[in-house]
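# Coordinate inspection notes
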Amino acid sequence: QLQDAMRTSLFCMVLFRVCASAAAVTQYNVGIWYPTTKEGVMGLYKGIFEDYLNKAVDPSLNVRFKAVVVDLDASTTSERLIDANQLDFVFTMIGRIVCVQRAFDWIILATARNRVLGKEMGAQGTIMYSLKSNTAIKSVADFKGKRIGVAHINSGSFYMDKQVLEDYGVHIFKDPSMVIFYGNGFADQLSHILTDKIDVGFTGGTFLMQKFPDQIPNLVFHDVINATYESEPYPFPTSSPLTPTFTLACSQQIPFPVKTAVLEALMNLDPNSAAAKAAGLVNFTTAASAFDVRASMEHASLFDSTGRCISPFGDARGYMACPPGTVLDTPKGLAKRCEANQLTCPPGGYPCYCSPCVPTIHVSLYP
């Protein structure tokens, strides 16, 4: 009986330790984004930020990683999920990383190296494009009076290309006949270019090459510059200066050994692995500086009164800045301007504004 009691006691001790060990595992949620569907995002990045990290990170750390899609709609913004303590890491474009860094004092941990059509790069640009058969558009100056499709108002492809237009004397809210905010609908934007529902598109520099290479011969890229990033020539057309490509940031609350293990695992990613190929990535480097991006975003007034970034899904009218001599039309006036100008917004329900800046009315007062 004594031996049976000892065996029972030993079994209970072993079981307790196993259960205690299992209970000690900490899960970290990694936010991932790409301008596609939730299923598309998971297909791209789950293999790296969940499957690979769970195998590559030292098991003695007792951590697990779970990929979570972010920033596809107002309910899944990175800021909202961080406020709810549901995110520990975020992997997305550098502009959104700046938003998170500024709002929550997060750390930029690693920057991806992309592989697009067999070419490697650690930076990205933005591009302005139109249909080659649309002969009415030969240069940026011809964007006046045209229908322009952009991403969301705080995206790099909006605020960087907006500055390029202004260098040519074209103001995005005064001179084009229509501005459509496609948000994450980059594929719809291209479709509407090809079907003559809009005239000009702004998008990420490698998106078209990576996802729609067969359509490149049908397009014209405007104001293309020769660009380099950290002495590395950029292999694709860009209309704007380059910024670091997709970047991983994390909370300062994550223990240093975990952050270090994640960084080492990503830097040692096998570029020929199924996960890397699915994501279109080679591997990762230590974090690139986001200083220039942050300065550009501050210059473009992309932060609200609380210091946070303008919501990608908020009402863009609150952040439309009109040039001198014009003012933003009233909500009632904006609602009627497209019809009054005999313009039809493209399908999809995207926010659409027709010449929202209108001339100011000068009133002279006499005694």
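Quick notes on the rules
Residues numbered from 1 in each chain as written. Predicted model: local features only at pLDDT ≥ 70, side-chain atom pairs only at ≥ 80, totals over all residues. Heavy atoms only, no water. Buried < 20%, exposed > 50% of the residue type's maximum accessible area, 1.4 Å probe, protein only. Helix = DSSP H or I, 4+ residues; strand = E, 2+ residues; numbered from the N terminus. Contact = heavy atoms within 4.5 Å. Salt bridge = Lys/Arg side-chain N within 4 Å of Asp/Glu carboxyl O. Pairing = 2+ DSSP bridges.

Most of helix 4 (residues 94-104) is tucked away, with eight of its eleven residues classed as buried. Buried residues belonging to helix 4 abut helix 3 (78-83), strand 3 (89-92), strand 4 (107-116), strand 14 (243-244), strand 15 (247-250) and helix 10 (291-299). The first or second residue beyond helix 4 is Asp-105, which carries a positive phi of 60°.

What follows concerns the pattern of salt bridges. Counting across every chain of the model gives 15 salt bridges. The shortest N-O distance in the salt bridge between Arg-96 and Glu-79 comes to 2.7 Å. With Arg-96 in helix 4 and Glu-79 in helix 3, the pair connects residues that are 17 residues apart, well separated along the chain. Glu-79 shares its class with Arg-96; the two are buried. Salt-bridge contacts for Arg-113 lead to Glu-120; the nearest nitrogen and oxygen are separated by 3.8 Å. Salt bridges sharing common partners tie together Lys-46, Glu-50 and Asp-51.

An order of 11-7-10-8-9-18 is seen for the six strands of this open sheet, with the pairing classed as mixed. A strand with exactly one partner marks an edge of an open sheet, and here the two such strands are strand 11 (219-222) and strand 18 (352-353). Here strand 7 (residues 126-131) runs beside strand 10 (residues 200-204); their pairing, made up of five bridges, is antiparallel. Bridge assignment links Thr-126 to a residue of strand 10, and that residue is Gly-204.

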